[in-house]
Amino acid sequence: MARWRKPRLFTVGKMSSPLVLSIRRLLLPGLFLLWGCEMETGFIFHPTAEIVQTPKEFDLTYEDIYFTTADGVRLNGWYIPSAVEGPTLLWFHGNAGNISHRLHNLRLVHEKLKTHIFIVDYRGYGKSEGQASENGTYQDAQAALQYLQRQKNIDLKYLVIFGRSLGAAVAAHLAAQENAAAVILETPFASIAEMAKVAFPFLPLGPFLKTRYDVLKIIPLAKSPVLVIHGDQDDIVPYAQGRKVFEAAHEPKEFYTIQGASHNDTYLVGGEPYFSVLRNFIRRRTAQSPRN
């Protein structure tokens, strides 16, 4: 998830007459609303359109996939098959850039875990059409799953839903709708309202935000075993929020702390122990026989 930046604050001078104070009281809710809108449009979603590199540059065989959501939005993603038969990882990335900015991470996951990977761009990101929104990302996730089921013949018992940061909220929502083999939430936040408190501690923006991504309410509905991963030095999403998400989830569930990791370097700081946790969790939760 990209760093949250505070918007420029509104000022109305140093006047303090009763009339001005009354005007300020009247304007305050409106100012909060404006800040909330700016935060939603400018600070939650940070898409870029340019695909800066492809899996080919990382010596990965892949399919450049286009598929359509239920509301008619055309999306793009990459399917990277594994040389050995096994589970499939449906990957939802964070709020900035696009799928081409995840390739170093993706290559290591593909190499270490030996899974098929389907990573998709939300609407408005990369080559995907449309404009990002909370409900839109939920529809995008459902369409990605349907593509795997219909075009790749993936059974849910071989599917692992994986999400990082904003993608963890998308993954949690999909896991509440579908009974996949497992769900992995890496560096998840509790909700957008909770993140607003972190970014704007003196502004009660929560009631004015339309975008919720309320993972704390969603994750108890998850139908799959849950693994939550968080760096204890996360400088963007507080470690405590990852713990809250874990505590809200039902058993079976696991939590893994990456000592010394911040928000975007979990797979680097975590090293082989990190990949071992992922590999063992996936092995325990997925059937190992070939797909039909």
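Residues numbered from 1 in each chain as written. Predicted model: local features only at pLDDT ≥ 70, side-chain atom pairs only at ≥ 80, totals over all residues. Heavy atoms only, no water.

A. A look at the overall build of the protein. Within the protein, the secondary structure is distributed over eight helices and ten strands. A buried classification covers 54% of the 292 residues belonging to the protein. Partitioning the contacts of the protein with sequence separation of at least 6, the portion at a separation of at least 24 is 73%. Summed over its atoms, the accessible surface of the protein is roughly 13200 Å², and 53% of this surface lies on carbon and sulfur atoms. (Helix = DSSP H or I, 4+ residues; strand = E, 2+ residues; numbered from the N terminus. Buried < 20%, exposed > 50% of the residue type's maximum accessible area, 1.4 Å probe, protein only. Contact = heavy atoms within 4.5 Å. Areas by Shrake-Rupley, 256 points an atom, 1.4 Å probe, with all protein chains shown as cover.)

B. Local environment of the pairing of strand β7 (residues 159–164). The element β7 is largely enclosed, with a buried count of six among its six residues. Pairing of β7 with strand β8 (residues 182–186), which is carried by five bridges, proceeds in the parallel orientation. In the strand pairing of β8, glycine 163 is matched with leucine 185. Once you follow β7 into helix α4 (residues 166–177) and on to β8, the crossover reads as right-handed. (Pairing = 2+ DSSP bridges. Right-handed = clockwise from strand over helix to strand, strands pointing away.)

C. View of the packing of helix α2 (residues 103–113) against helix α8 (residues 266–285). It is at 10 Å that the axes of α2 and α8 come closest, and there the two elements cross at 45 degrees. Considering their axes alone, α2 and α8 lie oblique with respect to each other. Between α2 and α8 lies a crossing whose hand is right-handed. Contact residues: His104, Asn105, Leu108, Val109, Lys112 and Leu113 in α2; Tyr267, Leu268, Glu272, Phe275, Leu278, Arg279 and Ile282 in α8. Residues that form the contact of α2 with α8 fall into these classes: eight nonpolar, two polar and three charged. (Axes fitted to C-alpha atoms, helices over the stretch in contact; angles between N-to-C directions. Parallel < 35°, antiparallel > 145°, perpendicular 65-115°, else oblique. Left-handed = near helix turned anticlockwise from the far one by under 90°. Nonpolar A, V, L, I, M, F, W, Y, C, P; charged D, E, K, R; others polar.)

D. Structural detail: the sheet that holds strand β6 (residues 116–120). Taken in spatial order, the eight strands line up as β2-β3-β6-β4-β7-β8-β9-β10 in an open sheet, and their pairing is mixed. In this open sheet, the two edge strands, each paired with only one partner strand, are β2 (63–68) and β10 (253–258). Averaged over all pairs of adjacent strands, the angle between strand axes in this sheet comes to 20 degrees, irrespective of strand direction. Relative to β7, strand β4 (residues 88–92) is paired through five bridges, and the arrangement is parallel. Along β7, the bridge assignment pairs leucine 89 with valine 160. Packing against the sheet, helix α7 (residues 239–248) makes contact with β8, β9 (226–231) and β10, and its axis sits at approximately 165 degrees to β10.

E. Structural context of the environment of phenylalanine 92. Secondary-structure assignment places phenylalanine 92 in strand β4. The spatial distance from the C-alpha of phenylalanine 92 to the C-alpha of alanine 144 is 9.9 Å, given a sequence separation of 52 residues. Dropping the residues within four chain positions of it, phenylalanine 92 is found in contact with Val120, Tyr122, Ala141, Ile161, Phe162, Gly163, Arg164, Gly167, Val170, Ala171 and Leu174.

F. Local environment of the packing of aromatic side chains. Overall, the coordinates contain twelve aromatic pairs when judged by the stated rule. An angle of 70 degrees between the planes, with centres 5.9 Å apart, marks the rings of tyrosine 62 and tryptophan 78 as edge-to-face. One end of the pair, tyrosine 62, is in the loop between β1 (46–47) and β2; the other, tryptophan 78, is in strand β3 (residues 74–80), and 16 residues separate them in sequence. What makes tyrosine 62 partly exposed here is its relative accessible area of 27%. (Phe/Tyr/Trp six-rings, centres within 6.5 Å; stacked < 30°, edge-to-face > 60°.)

Fair warning: the whole summary comes from geometry, so function is off the table for now.
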